[in-house]
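# Observations on the model geometry
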Amino acid sequence: MAPNIFQTNFSEVYSYLSQFTRWRPYQHRVLANVDGQLVPIPINLDTVNRLCGMSLTAFQLEAFFASVAESKDAVLTSEDVVVSKVGRDLYNKLFRGYARKQWGLDPSELDSSFTARVPTRTNRDDRYFTNRYQAMPFCGYTRMFEQMPSHPYIKLMLNTDYREVANPVPWGHLVPSGPIDAFCDYRYGKLPYRSLRFEHVTLPQASFQAVGAVNYPNDDAYTRITEFKHLTGQPHSQTWLVYAYPTDAGDPRYPVPRAKNQALYKKYLAEADALEHVTFVGRLATYRYYNMDQVLAQALAAFEKIQAWHASDAGKGVANGAALVVAA
């Protein structure tokens with residue numbers, strides 16, 4: 001699987017998940033394999049100095065970025081975002097090849113939202129995230145997720161099509177979190193997603209790489225190698241790697257950030273908005289890339305809204321049934 005690091009600035013999200021797990025403090029670091037070197041990602045002072053053969057100081061780096069940045073009348077694409085910040089050379093070395101593999105498209109064909117969230121630093125901070133809370137569930141995500149539905153009011157049904165149970169099971173509110181186009185029976189066609197194929201490798205050595213993840217924005221078919229021992233802290237004489245290969249096949253994972261895809265999604269959104277007592281939550285249901293903490297914040301906000309509505313005068317007239325949550 002791909003590395004999922006819990007990180008957030010939302011104290012309410014951290015507090016909520018802390019009901020279900022203890023935490024192992026962990027700050028994720030990522031390197032990129034470029035021109036035979038391993039350099040920090042996101043771009044920082046060391047990244048620039050190593051790739052460009054310079055010895056700039058933090059005070060000089062901002063001026064360097066300004067000197068190589070390309071002026072854009074309008075920042076519309078992912079390419080525009082990067083070249084307008086750090087110039088064409090760093091864009092080609094660090095972003096273009098990775099994006100072409102990840103999305104199967106050139107960054108010039110992708111909406112600016114894909115790279116707008118990628119920071120650029122003028123110091124030597126090599127942490128991938130800078131949020132207040134950064135940790136891994138002490139006993140892993142599986143154990144944490146097992147704890148979350150452990151409640152007498154929650155019934156978990158796996159490998160079940162919600163249509164098989166929606167009629168016999170009384171419910172007052174439906175919360176789909178799977179792909180919205182599938183929920184609507186693909187009435188307007190399928191929304192494009194990208195997925196990942198994983199290759200698992202076990203090596204008879206204590207470690208393979210210096211950090212949890214190394215990106216490959218080059219000609220290799222994979223985009224990333226993850227070594228999970230860094231994330232979990234497990235001491236062992238062997239190590240386990242996962243190679244990530246982007247693909248169009250497999251489970252939908254990443255909504256493809258293009259204007260025409262958003263236009264298609266809005267057709268499904270109009271269908272969703274017309275439904276009573278139905279709330280779509282999550283990355284697939286709202287066709288938007290969310291980090292883990294953002295999804296949880298969205299779910300908590302949706303719960304509060306649904307709870308408040310059912311407690312209102314309008315909601316009291318609705319049959320009181322359980323919430324039926326439809327997962328992907």
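Residues numbered from 1 in each chain as written. Predicted model: local features only at pLDDT ≥ 70, side-chain atom pairs only at ≥ 80, totals over all residues. Heavy atoms only, no water.

### Thoughts on the overall build of the chain
Selection criterion: Numbering of helices and strands runs from the N terminus, with a helix taken as a DSSP run of H or I at least four residues long and a strand as a DSSP run of E at least two residues long. As defined in this context, the radius of gyration uses C-alpha atoms, and a globule is described by 2.2 Å times the residue total to the power 0.38. Contact criterion: two residues are considered in contact whenever any of their non-hydrogen atoms come within 4.5 Å of each other. Accessible surface area values rest on a Shrake-Rupley calculation with a 1.4 Å probe, where residue burial reflects the displayed protein chains alone. Think of it this way: Lys and Arg go in the positive column, Asp and Glu in the negative one, and His and the chain ends go nowhere. Lys charges are placed at NZ, Arg charges at CZ, Asp charges at CG and Glu charges at CD.
Helices and strands together make up the secondary structure of the chain, namely twelve helices and twelve strands. For 328 residues, the compact-globule formula gives about 20 Å, and the C-alpha radius of gyration of the chain, at 22 Å, lands near that figure. Long-range contacts, defined as pairs at least 24 residues apart, comprise 69% of the intrachain contacts of the chain with a sequence gap of at least 6. Carbon and sulfur atoms provide 52% of the accessible area of the chain, an area that totals close to 18100 Å². Side chains of the chain give 34 positive and 31 negative charges; the mean places of these two sets differ by 3 Å.

### Description of the sheet that holds strand β2 (residues 23-25)
Worth spelling out the cut-off: We call two strands paired when DSSP finds no fewer than two bridges between them. Axis lines are fitted to C-alpha atoms, over the contacting stretch for helices. Their N-to-C directions set the angle, which ranges from 0 to 180 degrees.
In spatial order, the strands read β1-β5-β2; together these three strands make up an open sheet with antiparallel pairing. On the outer flanks of this sheet lie β1 (6-8) and β2, each paired with one strand and no other. Here the strands of the sheet are splayed against their neighbours by 40° on average, with no regard to which way each runs. Bridge count between β2 and strand β5 (residues 133-137): three bridges; the pairing is antiparallel. Bridge pairing links Pro25 to Ala135 in β5.

### Description of the sheet that holds strand β10 (residues 239-247)
Sheet strands associate in pairs through backbone hydrogen bonding, adopting either a parallel or an antiparallel arrangement. Strand order in the open sheet formed by seven strands is β4-β3-β8-β9-β10-β7-β11, with mixed pairing between adjacent strands. A single partner strand is all that each edge strand has here, and the edge strands are β4 (37-41) and β11 (254-255). In terms of strand pairing, strand β8 (residues 213-215) meets strand β9 (residues 224-227) through three bridges, oriented antiparallel. When the sheet's bridge partners are listed, Val214 is paired in β9 with Ile225. Packed on one face of the sheet, helix α2 (residues 45-52) meets β3 (30-34) and β4 and runs near 150° to β4.

### A word on the pattern of salt bridges
Put simply, the test is: Only one rule defines a salt bridge in this text: a Lys or Arg side-chain nitrogen within 4 Å of an Asp or Glu carboxyl oxygen. Relative accessibility decides the category of a residue: with a 1.4 Å probe and only protein chains considered, values under 20% of the type maximum give buried, values over 50% give exposed, and everything between is partly exposed.
Under the defined criterion, the tally for this structure stands at 16 salt bridges. A salt bridge links Arg88 to Glu70, with the shortest nitrogen-to-oxygen separation between them at 2.9 Å. In this pair, Arg88 is assigned in helix α4 (residues 78-103) and Glu70 in the loop between α3 (58-68) and α4, connecting sequence segments 18 residues apart. A relative accessible area of 31% places Arg88 in the partly exposed class. The closest approach of N and O atoms between Arg88 and Glu79, which form a salt bridge, is 3.2 Å.

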